[in-house]
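The chain contents come next:
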Amino acid sequence: MNQEIKIIRSAGEMRAWALAQKGAGKTIGFVPTMGALHEGHISLMQAAASGSDCPVASIFVNPTQFAPTEDFDAYPRTFERDLEMSREAGITLIYAPTASGMYPADYSTYVTVEQVSEGLCSLTRPHFFRGVATVVTKLFNAVLPDKAYFGQKDAQQCAVIKRMVRDLDMGIEIIEMPTVREPDGLAMSSRNRYLSEADRVRALCLSRALFEAEERMRGGERCAARIVAGVCAGMAEVEIDYIALVDAETMALVDEIEGPVLLAVAAKVGAARLIDNIKFTPNP
Ligand code: PAF
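A brief look at the structure comes next.

About the criteria used
- Residues numbered from 1 in each chain as written.
- Predicted model: local features only at pLDDT ≥ 70, side-chain atom pairs only at ≥ 80, totals over all residues.
- Heavy atoms only, no water.
- Phe/Tyr/Trp six-rings, centres within 6.5 Å; stacked < 30°, edge-to-face > 60°.
- Helix = DSSP H or I, 4+ residues; strand = E, 2+ residues; numbered from the N terminus.
- Buried < 20%, exposed > 50% of the residue type's maximum accessible area, 1.4 Å probe, protein only.
- Lys NZ or Arg CZ within 6 Å of the ring centre and 35° of its normal.
- Pairing = 2+ DSSP bridges.
- Right-handed = clockwise from strand over helix to strand, strands pointing away.
- Near = heavy atom within 4 Å.
- Polar contact = N/O pair within 3.5 Å; in protein donor to acceptor, adjacent residues only side chain to side chain.
- Areas by Shrake-Rupley, 256 points an atom, 1.4 Å probe, with all protein chains shown as cover.
- Nonpolar A, V, L, I, M, F, W, Y, C, P; charged D, E, K, R; others polar.
- Disulfide = S-S within 2.5 Å.

So, the packing of aromatic side chains
Taken as a whole and assessed by the stated rule, the structure comprises 7 aromatic pairs. Where F60 meets Y103, the ring centres are 6.3 Å apart and the plane angle is 35°; that geometry is what we call tilted. Note that F60 is positioned in the loop between strand 3 (54-59) and helix 3 (79-88) and Y103 in the loop between helix 4 (99-102) and helix 5 (121-124), a separation of 43 residues in sequence. For F60, a relative accessible area of 7% puts it in the buried group. For Y103, a relative accessible area of 13% gives the class buried. Their ring planes at 75° and their centres at 5.8 Å tell us that F66 and Y75 sit as a pair that is edge-to-face. Summarising the burial analysis for this pair, F66 and Y75 share the class buried. Grouped by ring-pair contacts, the aromatic residues F60, Y103, Y107 and Y110 constitute a single cluster. Lying over the aromatic face of F72, R77 brings its terminal NZ or CZ to 4.8 Å of the ring centre. Above the ring of Y103, the side-chain terminus of K138 is found at 5.8 Å from the ring centroid.

Below, the structure is given as structure tokens:
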């Protein structure tokens, strides 16, 4: 694919472009990103390219989802490479707003999604989902997508966005795509580039522990405490943030598996905070 990629920097111009496409009867598929693209993003972009007339992605490192102590300044910014990767994946337009355009000095409106935002990542990042819900709302309002694509690796984020779209009648189809992994199981993440060689080896315990738990669940294990204890033992070599077995839709903790669940983990490995998860649905 060799077509040029268009770049738009302001919400007004983005929205005018989107309205013109819709007026011409075209559908818009949207992939929001913070750049530093990897194969996980590419799979979302390819799905948007094959599932819509106008595949659009955004690149914006969103300050409101980082606490002052987190890696906002260090977050990898690889814009030129991201443009090329997006173009190759079939994206035809990049929306890359400026921070001052998104959040002028007197900015004062935030979106809070209750319940599904609680627990898991909120335990150590209480600011995170408010920042995500706010920026995704702003991006949706500019891009006007028919469909938006998110990765299962950020499963709680997907649940928050789905709930927000439902509760606020946004009328956008949210498509959750499977986690893309390295051949050895490590979930792809922009933050994997913070890992030293030794940390990268230690980081494998997250996916390994999850896959072992999945085997136990397939084998009939239904007790959350035993499943979580097993994962905890498997992750002894990293600094665990949380291990949680929750309802796959509401993110509420479960004691016994009775329906679809999410087994999610987060851990600090060297300089990186990594998350990973699997979903499991018991046979009826
Ligand atoms: O998943 C991400 O990269 C970000 O949280 C998102 C959805 C682009 C919002 O900044």
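Here's the deal with the pairing of strand 6 (residues 173-177)
Of the pairings in the sheet, the one linking strand 5 (residues 147-151) to strand 6 comprises 5 bridges and is parallel in character. Of the residues in strand 6, the one forming a bridge with A148 is I174. On the question of chirality, the crossover connecting strand 5 to the parallel strand 6 by way of helix 7 (residues 155-167) is right-handed.

Things to note about unusual backbone geometry
Only a minority of non-glycine residues have a phi that is not negative, and only a minority of peptide bonds are not trans. Not every positive phi belongs to a glycine, and Q115 is a case in point at roughly 60°. Given a relative accessible area of 53%, Q115 falls into the exposed group.

What to know about the site of the ligand
If you check the shell around the ligand, you find P32, T33, M34, N62, Q65, V132, V135 and Q157 and nothing else. Measuring from an oxygen atom of the ligand, one finds a side-chain N or O atom of Q65 at 2.6 Å. A distance of 2.7 Å is found between an oxygen atom of the ligand and a side-chain nitrogen or oxygen belonging to Q157. Bound to the protein, the ligand loses 89% of the 290 Å² it would expose on its own. Mapped by element, the contributors of at least two residues to the shell around the ligand are strand 2 (28-33) and helix 6 (128-143). For the shell around the ligand, the residue count by class is 4 nonpolar, 4 polar and no charged.

Describing the state of the cysteines
Applying the stated criterion across every chain, the model contains 0 disulfides. Of all cysteine sulfurs, the one in C232 lies closest to C205, which takes part in no disulfide; the gap is 11 Å. For C205, a relative accessible area of 0% corresponds to the buried category. Among the residues examined, C232 registers a relative accessible area of 37% and is labelled partly exposed.

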